[in-house]
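# Residue-level structural notes
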Amino acid sequence: MTTPARDARCVCLVGPHGSGKSKLAETILGVGGGDEPSELQRSAQYASATGKDALGSLPLNIVDAPGHAGFLPEALASMVMADSTLVVVRVHQLTLRSTVFVRLLRQAAGHRHAVMLVFNGLDLVLEQVHHGTRTPLEFWETASAIVDQANTVLHANADDVVSPEIRPAQGDLLFSSALDQWAFSLPDLARVLAPRFSMTPEAWLGAAWPMGAESRFVELALTPLLELRQACDRPKDELRQFVLGLTGGAPPGVEIEAILSADLESSAKMFGSLLAAWFPIASCFVDRLRQLPCPADAQQLRGDILYPGPVDDSAALAIQRCDPDGPAMFYVARLMPVHRSQAARMWAFGRVFSGTVNAGLEVRSIPEIGRAPPGLAPKAIGGVGVLDAFGKIRSVNSKLPVGTWAAILGVEAIVSTPGTLTTCASQDTMPITPPLRRGPSATVSVRVRPETPGELPRLIEALKKLTRSDPQARTVAEDTGGHSVVAGSHVHVKACVEEVRSYLETPLQCDPVVVSYSETCTTESPCLAVRTPNNHNEFQFKTKPLHAGFAADLENQILDPVSCTSMKILADRYDWDPADGSAALWAFGPARTQANTLVCNDRHQYLWEIKDHGVAAFQWAVTQGPLAEQEIRGCRFTLQNTHLFADAIHRGAGQTVSTFRKGLWATFLAAEPRMLEPMVLASVKVPSADLASVLEALAAADGRVEWQQTDGETEVLEALLPMVEVDALLEAVSFPEAEILFREWKVVEGSPWDTESVAGQLCTELRRSRQIDTIVPTWESLGVTMV
């Protein structure tokens, strides 16, 4: 969509699974269409169109983020492309303890987005009240509590620059029915209903949803709507009279008159048709989206959190000013195949944050922070494209200005997702790095293999396409020659396998889903020394557990490696020994979680020459721990002392890397290591009649109910259970509205060397699955000595 940065709106629709947001997105984009798309078969969907309201047309860029809890990281990452967030919920289904709802709001506040809340499915609530299964007061109490909770989360995660807030009286809260195609905000309702109460719209709004005072929402808003619903059950003459009274005696109009004269199948359909005539859903949403910030205004507020470099950098200034004449800064959100049958050609889809993009423009890729430059030469853009309302990319010959969602060809070889392309010549230019708060997570994986060995090259190509099209998934080529697909949840990894199968177009064999575990230490180890194979160098190590909150804050992105250069932060928050000095903190690892540290307490003159070797060995050691080749978590490894040979040829990588890893492993094994099991929090809503069978299934899955509430004829449960039991639980009981998210790591009982204990049996099973010796090594068996 090639429009100036002040004309368009970039909006992200998010919400829990089953909220109806995909249907709303189709309605706003004007593409219509069928049933709610499946959240299990896709990731975020991007589309562009032109919306219309009473003020004219409005170019819209909309991303429909997946709502299933298993795809929550993808939903959080999709907010980068937008300037505003619409959080869609079904008020009759949402519980105040919804983890997905809270994390979506937290992420929106972190992005400094303008936030609007949409209560979808209000037609069902009104029908429940009409038939007596719910009272108007119950609806008001639930709705006001959700708004209060949303504002509490937004305020808690906002900064000093922007403080987002849901203000219903100003139109930040929408009530809608995607099924009946109507929607209204409180200002819209005030224009229609205020004359009936002899009030001005401003006075009506002040009484219907006041700030800190008793509300008359039930009387002023719900009662007239319920009376209209009741009138739809009466003869048409009486309904016509009621409509005249509702509009203050004004003629109902041609459209309303046609509805009153029509023979509709039910009174509920009549009610929905009348509201759709008064409050058409598309124009209502476009009118409210018009009030949200445009890219130029949004980037002025978000520039310093999008770009991590100096604020006076040319790229930083261009992003903040949304400068069309500045250097091009293009954020790549996803790589999309041009055709499913062609793996080589990919569209790099993203957003132009500064400058303009056109065919022939030469761009280079900026490496992510903490990664080495790829060493690839700049490439010329082969072609550009824009999205249509159906999410399809069409090629264009024009220049795409700042603020545009665009797709470019010919750069897939030099960029990965997420990534940044630029025309800046300076090597000091930083990549666009948005604040993603994904939180800690475990992973699940599944091994895949073709039915015939001859199809292996096609499988490898299909796995490459998967990692390019889905930034939240990754693939692993194992030492045994197998290939695994890794994702953050059971439902995500199954969707990834189906995508690989569609790319491969031949039968694909899959092993059972495997849940990842972690390894940790529980005490401080003695100081152990290890010598290189040539006996010319010696390293002395110690290992101890990190502060309890340190690893969690790193995984939650509350603390980042840059902040750890401040000795004051480490000493005040995490009891770090000031004598160590922040300069001694060498590295964090593994790359996925960064939940371990490598510290150096030595000052040997040759030490900095082997630092890179030590960091590489550290990353290797914590990525594949010694107990069962699982990631290590929550450990501080300290290099206490070194004896290095003066001649550099005798302390090269071949001598130091494997020795360094052996020393780290040995001290870890001497620090009373334990296995960690991932635990998930399952929030489920089930009929009261099925409660007994659900509790029985949870007990069989080693689950523990932590919270329970009765909501009419349904029961809302929160249960903590092992992640490995999720599949068995879902096979035993179907939860159509379940939220299953990683919660915490739990220490597995027993010693890993005790084959009769739970931990020992787990280690044996994991080591057998990886085709390595089933006996867990001890620190004495690694050839190290105690200092």
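Higher on the page you've got the structure.
In this report, we go over the structure that sits alongside the text. (Residues numbered from 1 in each chain as written. Predicted model: local features only at pLDDT ≥ 70, side-chain atom pairs only at ≥ 80, totals over all residues. Heavy atoms only, no water.)

### A closer look at the overall build of the protein
Where we set the bar: Each helix corresponds to a stretch of at least 4 residues labelled H or I by DSSP, and each strand to a stretch of at least 2 residues labelled E; elements are numbered beginning at the N terminus. Relative accessibility thresholds used throughout: buried, under 20% of the residue-type maximum; exposed, over 50%; partly exposed, between the two (1.4 Å probe, protein chains only). Contacts between residues were defined by any pair of non-hydrogen atoms, one from each residue, lying within 4.5 Å. The Shrake-Rupley method, run with a 1.4 Å probe, gives the accessible areas here. Residue values count only the displayed protein chains as cover.
Each helix and strand counted, the protein has 23 helices and 32 strands in total. Sorting the 787 residues of the protein into buried and exposed places 54% on the buried side. Of the contacts made within the protein by residues no fewer than 6 positions apart, 72% connect residues no fewer than 24 positions apart. For the protein, the exposed surface amounts to about 32,700 Å²; the carbon and sulfur share of it is 51%.

### What to know about the sheet that holds strand β25 (residues 596-600)
To be explicit about the condition: When DSSP finds two or more bridges between a pair of strands, those strands are recorded as paired. Axis geometry follows a simple rule: fit a line to the C-alpha atoms, using only the stretch in contact for helices, then measure angles between N-to-C directions, giving values from 0 to 180 degrees.
The mixed open sheet is built from six strands, whose spatial order is β24-β25-β27-β23-β22-β32. Only two strands of the sheet have a single neighbouring strand rather than two, namely β24 (585-589) and β32 (785-786). Taken together, the two bridges between strand β22 (residues 528-531) and β32 define a ladder with antiparallel strand orientation. Across the sheet, A529 pairs through a bridge with T785, a residue of β32. Sheet strands touched by helix α19 (residues 611-623): β24, β25 and β27 (635-643). Its angle to β24, the strand with the most contacts, is close to 30 degrees.

### Some thoughts on the packing of α19 against helix α20 (residues 653-669)
Helix packing for two helices is described by the angle between their axes and how far apart those axes are. For clarity, the threshold we go by: By definition in this entry, angles of less than 35 degrees are roughly parallel, angles greater than 145 are roughly antiparallel, angles of 65 to 115 are roughly perpendicular, and the rest are oblique. The handedness criterion is simple: a crossing whose near helix is rotated anticlockwise from the far helix by less than a right angle is left-handed, and one whose near helix is rotated clockwise is right-handed.
Across the interface, α19 lies against α20 with an axial gap of 8 Å and an inter-helix angle of 45 degrees. By the angle between their axes, α19 is oblique relative to α20. Crossing geometry of α19 relative to α20 is assigned as right-handed. On α20, the residues touching H613, G614, A617, F618, W620 and A621 of α19 are A653, T656, V657, S658, F660, R661, L664 and W665.

### A short note on the pattern of salt bridges
Put simply, the test is: When a carboxyl oxygen of Asp or Glu is within 4 Å of a side-chain nitrogen of Lys or Arg, the pair counts as a salt bridge.
Scanning the entire structure with this criterion turns up 23 salt bridges. Across the pair R234 and E238 runs a salt bridge whose closest N-O atoms are separated by 3.3 Å. Judged by relative accessible area, R234 falls into the partly exposed class, the value being 37%. By sharing partners, the salt bridges in this structure join D83, R302 and R351 into a single network.

### Structural notes on the side chain of D602
So the rule is basically this: Any pair of nitrogen or oxygen atoms within 3.5 Å is treated as a polar contact; in protein, a donor-acceptor pairing is required on top of that, and neighbouring residues in sequence qualify only through side-chain atoms on both sides.
Mapped onto the secondary structure, D602 falls in the loop between β25 and α19. Judged by its relative accessible area of 12%, D602 is buried. One polar contact links D602 to T642, side chain to side chain, over a distance of 2.4 Å. Sequence-distant contacts of D602, that is, excluding residues within four places in its chain, are made with L607, L639, Q640, N641 and T642.

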